[in-house]
Number of protein chains: 2
Amino acid sequence: MPSEFELIARHFTRATPSAVLGPGDDCALVRPAPGMELAITTDMLVEGTHFLPGTDPGQLGWKTLAVNLSDLAAMGAAPRWVLLAGALPAADDAWIAAFAGGFFSCAQRYGADVIGGDTTRGPRNLCVTAIGELPAGAALRRDGAQADDDVWVSGQPGLAALGLAHLQGRTTLPAALVQRCVAALQRPLPRIELGLKLRGLASAAIDVSDGLVADLGHILERSGLAADLYEGQFPLLPPAAEPKLARECQLAGGDDYELCFTTPPAARQRVVMLAAELDLPLWRIGRTVASGERPVADVRLLDADGQPLPVTHKGFDHFA
Amino acid sequence: MPSEFELIARHFTRATPSAVLGPGDDCALVRPAPGMELAITTDMLVEGTHFLPGTDPGQLGWKTLAVNLSDLAAMGAAPRWVLLAGALPAADDAWIAAFAGGFFSCAQRYGADVIGGDTTRGPRNLCVTAIGELPAGAALRRDGAQADDDVWVSGQPGLAALGLAHLQGRTTLPAALVQRCVAALQRPLPRIELGLKLRGLASAAIDVSDGLVADLGHILERSGLAADLYEGQFPLLPPAAEPKLARECQLAGGDDYELCFTTPPAARQRVVMLAAELDLPLWRIGRTVASGERPVADVRLLDADGQPLPVTHKGFDHFA
């Protein structure tokens, strides 16, 4: 069986042109550009909690990095450096090679260097730390939304949760939809380009990892606001999916890693043009509301007549 | 049962004066000082592999951070920011409170701010990323040792491994020794002050996490050298410990987090004065040797007559 050091050297040592010193020492060394801030995030993925046993290792490698880069996107940061720590039940060379393939594929796509890590034996667990750069003061924070801002979401939130429901046998999707939903689940695309373009445009942003309503709630909580969402302005539900489940997935499904963000109404036209420029749907799904008469973070979903619809599942809590 | 968000807010949100933005957003934000490099390391601790089930959570909290800060010490970096990701089998409020107590105690002692993290359910696993600052070009790398450099180690390497052997019932230490060895195991002191003072003095450095001979081997490997160690210049073995086991722990026991480093012979007097200044024993245990006639990373242990002694256990490999 190859040793820990051999495994790391074989699969995780690649050129790190953006670092002063890459893997192989006690620490990696990097030199941030003058005048820049660093955005730093860490996410841990556990087998059985975040991904199913038997998940394709290449897809898992991609996703493990993508969910971290998504946090950088939500801050408007450009990915620069990542570290990967992993516990594995065995030194399975083929599994590690496939995982590394997916991981580096994602790193290369979004311009991040893998500068360090740690490998150990244990129940399968993958922990990434991602570091991005952005101009000082330019970050898209959660606490900047103002009353009467537009609320937006990118892409097609809910597809990943539908894909999971299909894989778990809770629904049966038509073949044409399966591929797209499973891809959304297993190979999410962090919205890095969108995040960079939202600098100076969005008043607040978050990536949708726990569910649209729950994650919007984090913006509202930190900004001291409530919100109204308009059902009629949401993306259409996927055809041939069970409507109730599809709506639930859209509102409360995690794992899509789309961006939810707010902008002042005056910026509306610029956001529409940005959608065209990026070839990415951006849906204006509601607006923020001063919390005077309503609790902070209260979210109402209104139908075409302005009547509130029930919002039940508010997101995902690993300990709930 | 408190939710993930409540647990994080309750136990892991403290002031982060050194950060632009601390926990609670998609990323933390920091602004490195101009002209400084960042040293970055990540380490994962798994229950059953790195610590025993039932380990006191306060001590585990300290150690989880200490082993990461030790990597910063080995680069000569000053601790600045840390992130903590943890998988826990249950949202045990008392356990988390004690763990956080130990973790923050270590962070405060060494001047690091806890700027972010992640909490999830799963087999107990703790993953820290630590970031330190140092002047550009000042890092203590593994690849800088020259032939005929002195080889040094700090403190009393081997005590932690003896403590583990005692806890596991493989030996019985006298009471007076138990406390000290178990403290070395459970509450290691990262040699931050030593690392900072070694800037401009040491040609190479590493922290002893896998075992003295194995970790010195990493310096030798990267520097293209071999080494001779002199048994007579090692720290005395602890009295009343089984001599063979004590020697094995000294040479190959991990988990002490002392620093092993090399210096040019001309610096010898400065190192001796540094030991006095820091009130920390620094042992000159050998010298590096050009690898001409010997394999790179070959380590010989010589007795008082210059005769080689057997060196068996070369360190710890999680997959061996």
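As recorded in an unreviewed UniProt entry, chain A goes by Thiamine-monophosphate kinase and comes from Azospira restricta. For the record of chain A, the UniProt heading Catalytic activity (unreviewed entry) holds the text "thiamine phosphate + ATP = thiamine diphosphate + ADP". Checking UniProt for chain A, the heading Pathway (unreviewed entry) contains the comment "Cofactor biosynthesis; thiamine diphosphate biosynthesis; thiamine diphosphate from thiamine phosphate: step 1/1."

Student: Can you break down the domain arrangement of chain A residue by residue, with the values?
Tutor: All names here are of chain A. You can read the domains of chain A as domain 1 (37-135) and domain 2 (150-304). Taking the mean C-alpha position of each, domain 1 and domain 2 sit 24 Å from one another. For the pair domain 1 and domain 2, the summed buried surface comes to about 1,700 Å²; carbon and sulfur atoms form 59% of the total. Broken down residue by residue, the surface that domain 1 buries against domain 2 is led by Trp62, Lys63 and Tyr110, which jointly contribute 28%. Taken together, the connections running from domain 1 to domain 2 amount to two salt bridges. The salt bridge involving Lys63 is made with Asp255; its shortest N-O contact spans 2.9 Å. Across the domain 1-domain 2 interface, the total number found is seven residue pairs in polar contact (both at pLDDT 80 or more).

Student: Tell me about unusual backbone geometry, and name the residues and values.
Tutor: For residues other than glycine, phi is negative in most cases, and the peptide bonds are mostly trans. Residues and elements named next belong to chain A. Its identity as a non-glycine residue notwithstanding, Asp255 has a phi of 80°, on the positive side. With respect to the helices, strands and loops of the structure, Asp255 is situated in the loop between helix 8 (243-252) and strand 9 (259-263). For Asp279, which is not glycine, the phi dihedral falls at a positive 55°. Topologically, Asp279 is positioned in the loop between helix 9 (268-278) and strand 10 (282-290). Residue Asp279 is classed as exposed on the basis of its relative accessible area of 71%.

Student: Report on the packing of aromatic side chains, specifying residues and quantitative values.
Tutor: In total, this model carries 12 aromatic pairs over all chains according to the counting rule given. Measuring from ring centre to ring centre gives 6.2 Å for Phe12 of chain B and Phe104 of chain B, while their planes differ by 35°; the resulting arrangement is tilted. Of the two residues, Phe12 of chain B is situated in helix 1 (residues 4-12) and Phe104 of chain B in helix 3 (residues 93-110); the sequence distance between them amounts to 92 residues. The exposure class of Phe12 of chain B is buried, given its relative accessible area of 15%. Looking at Phe104 of chain B, the relative accessible area reads 8%, which means it is buried. Measuring from centroid to centroid gives 6.1 Å for Trp152 of chain B and Phe261 of chain B, while their planes differ by 5°, and the two rings are stacked. Remark: Phe261 of chain B occurs in strand 9 (residues 259-263) and Trp152 of chain B occurs in strand 6 (residues 150-154); sequence separation between them is 109 residues. One exposure class covers both Trp152 of chain B and Phe261 of chain B, and it is buried. Site record: aromatic cluster; members linked through ring pairs are Phe12, Trp95, Phe99, Phe103 and Phe104 of chain A. Positioned above the aromatic ring of Phe104 of chain B is the side chain of Arg14 of chain B, whose terminal nitrogen or guanidinium carbon lies 3.8 Å from the ring centre.

Student: Kindly report on the sheet that holds strand 8 (residues 225-230) of chain A, identifying the contributing residues and their values.
Tutor: Residues and elements named next belong to chain A. Overall, mixed pairing links the seven strands, which are arranged 7-9-6-10-8-11-12 in an open sheet. At either margin of the open sheet sits one strand with a lone partner, and together these are strand 7 (204-207) and strand 12 (308-309). Where strand 7 and strand 9 come together, four bridges link them in antiparallel fashion. Along strand 9, the bridge assignment pairs Ala205 with Phe261.

Student: An account of the interface of chain A and chain B is needed here, citing residue identities and associated values.
Tutor: Interface size, as often reported, equals the accessible area lost upon joining of the parts. Chain A puts 70 residues into the contact, and the matching count from chain B is 70 residues. For the pair chain A and chain B, the summed buried surface comes to about 5,500 Å²; carbon and sulfur atoms form 60% of the total. The interface formed by chain A and chain B contains six salt bridges. Taken together, chain A and chain B are joined by 21 residue pairs in polar contact (both at pLDDT 80 or more). For the side of chain A that touches chain B, the leading source of residues is strand 2 (residues 36-46) of chain A, giving 10 residues. By residue class, the composition of the side of chain A that touches chain B is 39 nonpolar, 16 polar and 15 charged.

Calculation rules
Starting from 1, residues in each chain are numbered consecutively following that chain's sequence as written. Think of it this way: whatever chain is written first is A, whatever ligand is written first is 1, and the rest follow in order. Only residues with pLDDT of 70 or above have their local features reported here, since the model is predicted, and side-chain atom pairs are shown and tallied only from 80 upward, although totals for entire chains, interfaces and linings are computed over all residues. In computing side-chain values, all of the structure's heavy atoms are included and hydrogens and water are not. UniProt positions are given in the numbering used here, feature names are shortened, and annotations may be inferred rather than shown by experiment. Each domain's extent was defined by an automatic or database domain assignment. Reported buried area values correspond to the accessible surface (1.4 Å probe) lost by two parts on association, with both partners' losses combined. Throughout this description, the term salt bridge denotes a Lys or Arg side-chain nitrogen within 4 Å of a carboxyl oxygen of Asp or Glu. As used in this structure description, the phrase polar contact means that two N or O atoms lie within 3.5 Å; if the pair is within protein, one of them must be able to donate a hydrogen and the other to accept it, and residues adjacent in sequence are counted only when both atoms belong to side chains. Helix and strand definitions follow DSSP, with helices as H or I runs of at least four residues and strands as E runs of at least two, each counted in order from the N terminus. Note on classification: 1.4 Å probe, protein chains only; a residue is buried when its accessible area is under 20% of the maximum for its type, exposed when over 50%, partly exposed between these limits. Between the rings of Phe, Tyr and Trp (Trp by its six-membered ring), a pair exists once the centres lie within 6.5 Å; its type follows the angle of the planes, with under 30 degrees stacked, over 60 edge-to-face, and the other angles tilted. Note on criteria: charge over ring means Lys NZ or Arg CZ within 6 Å of the ring centre, with the direction from the centre no more than 35 degrees off the ring normal. Whether two strands pair comes down to DSSP finding at least two bridges between them. In what follows, a contact means two residues having at least one pair of non-hydrogen atoms within 4.5 Å. Note on residue classes: Ala, Val, Leu, Ile, Met, Phe, Trp, Tyr, Cys and Pro are nonpolar, Asp, Glu, Lys and Arg are charged, and everything else, Gly too, is polar.

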